[in-house]
Amino acid sequence: MAEVVLAADKARWDALVGSRVLDPHCLRQFAAAQGGESGTPVLVHAAGRDWSTLEVLLITDIGGGHRTARAPLYGGPWFSLPQSGDAIAAATATQREIDAALRGLGVVSEVSVLSPWLPHGETVRKAWKAQATRPVCLASLDDPEAGWATLEPSRRAEVRRAGREGTVGWRPFDQEGAARFAAVYASAMERVGASARWRLGYEYFTRLSAEAGEFLHMATLETPTGGAAALFLHNASRAAYLYAARWGRAPAAASAVLWSARVELGRMGIGEMLLGGGLSDSPDDPLLRFKRAFADRVAPLSVAARVFDRGAHDEAVASGHARPLPDFTVEA
């Protein structure tokens, strides 16, 4: 059966990850910050003769000795496999071992949003019977001049206009920045009537800074009429556009903040950034349009859902301790 390692066991977790560069959402430090809010972060390790797999999950107690498992925003099984290895056989074996480990923890269901960077991604999607729900956008950071040239003219105009109104600040995400961002983020979520899952408060952002601040930067632009701020999570070669907020009347500020972050992350040697998707896959979705304007490619956002005890999960949904499963959930 697979080995389950708690984030508190830093030495074992870091030794298993070693030199592998996972999705930045799978950083132990980020998972630990997420866990303080909504579950216990674990690293599940499965291995065979010529392969090994790592998967980061948040395990949440839903009562009655039952738990749910989910990825910390983006995740999935991360394979290390020789070029000549059999990815399908490894995926099948991994799934069997991870399922056994989760059952041993009392997990009744698992839901993972699969990272677009997963090795052998197509094999994983098929083995986990994942479904593409909507697109996510990714931006290459290697060549800022080429990125600027391909940016929509209207977005370039916004960046220039915002630059005349103020200068984008770029700073590590420390406790002072966490307090500042928490305030503007809470106000923005209230203004747009965001659902409860996105209403993250002061305690969350200060914990995020304390746990994962070395892997986070904040970009901020203030103008006389408003501004924007955004957080960017990063590891050695990848980054993610994590959270953002706007205030007042500064429609160009968000474009300037995102463009500036692309440039700064590129200077740090990071090659690609996950921007995420919109609220839907509609071409008219304003958030998706905004992100696509800064993207170089689009990938499917694939979700995998497995249920081990549907009765227990449904009881947890009825009592408000778990979310309903998607209609493509697989009976494991």
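For clarity, every value in this text was computed on a predicted model and none was experimentally measured.

### Some remarks on the nonpolar core
In terms of nonpolar packing, the biggest core is built from 48 residues, with Trp 13, Leu 43, Leu 57, Ile 59 and Leu 102 touching the most fellow members. No other element matches helix 3 (residues 87–104), which puts seven residues into this core. Core analysis: the second largest hydrophobic core is formed by 32 residues, Ala 139, Val 159, Ile 270 and Ala 293 among them.

### Some details on the packing of helix 7 (residues 175–192) against helix 8 (residues 202–212)
In contact at an axis separation of 8 Å, helix 7 and helix 8 are set at 150 degrees when each is read in the N-to-C sense. Classified by the angle between their axes, helix 7 and helix 8 sit roughly antiparallel to one another. In the crossing of helix 7 with helix 8, the sense of the turn from one axis to the other is right-handed. Here Gln 175, Ala 178, Ala 179, Phe 181, Ala 182 and Tyr 185 of helix 7 come into contact with helix 8, specifically with Tyr 202, Phe 205, Thr 206, Ser 209 and Ala 210.

### A word on the packing of aromatic side chains
Applying the stated criterion to the full structure yields eleven aromatic pairs. Arranged with centres 5.1 Å apart and planes meeting at 75 degrees, the rings of Tyr 204 and Phe 205 form a pair that is edge-to-face. Given the relative accessible area of 2%, Tyr 204 is considered buried. Take Phe 205: its relative accessible area is 0%, and that puts it in the buried class. An aromatic cluster of three or more residues is present, and its members are Phe 181, Tyr 185, Tyr 204, Phe 205 and Tyr 243.

### Here's the deal with the pairing of strand 3 (residues 52–63)
The element strand 3 is extensively covered by neighbouring structure, given that nine of its twelve residues are classed as buried. Examined bridge by bridge, strand 2 (residues 40–47) and strand 3 share eight bridges and lie antiparallel to one another. Its bridge partner being in strand 3, Ala 47 is matched across the sheet by Ser 52. Counted between consecutive antiparallel strands, the loop separating strand 2 from strand 3 contains four residues. Sheet topology places strand 3 next to strand 5 (residues 78–80); three bridges connect them, and they run antiparallel.

What counts, and at which threshold
Residues numbered from 1 in each chain as written. Predicted model: local features only at pLDDT ≥ 70, side-chain atom pairs only at ≥ 80, totals over all residues. Heavy atoms only, no water. Core = buried A, V, L, I, M, F, W, Y, C linked by side-chain atoms within 4.5 Å. Buried < 20%, exposed > 50% of the residue type's maximum accessible area, 1.4 Å probe, protein only. Helix = DSSP H or I, 4+ residues; strand = E, 2+ residues; numbered from the N terminus. Axes fitted to C-alpha atoms, helices over the stretch in contact; angles between N-to-C directions. Parallel < 35°, antiparallel > 145°, perpendicular 65-115°, else oblique. Left-handed = near helix turned anticlockwise from the far one by under 90°. Contact = heavy atoms within 4.5 Å. Phe/Tyr/Trp six-rings, centres within 6.5 Å; stacked < 30°, edge-to-face > 60°. Pairing = 2+ DSSP bridges.

Interpretation in functional terms is not warranted from these geometric data alone.
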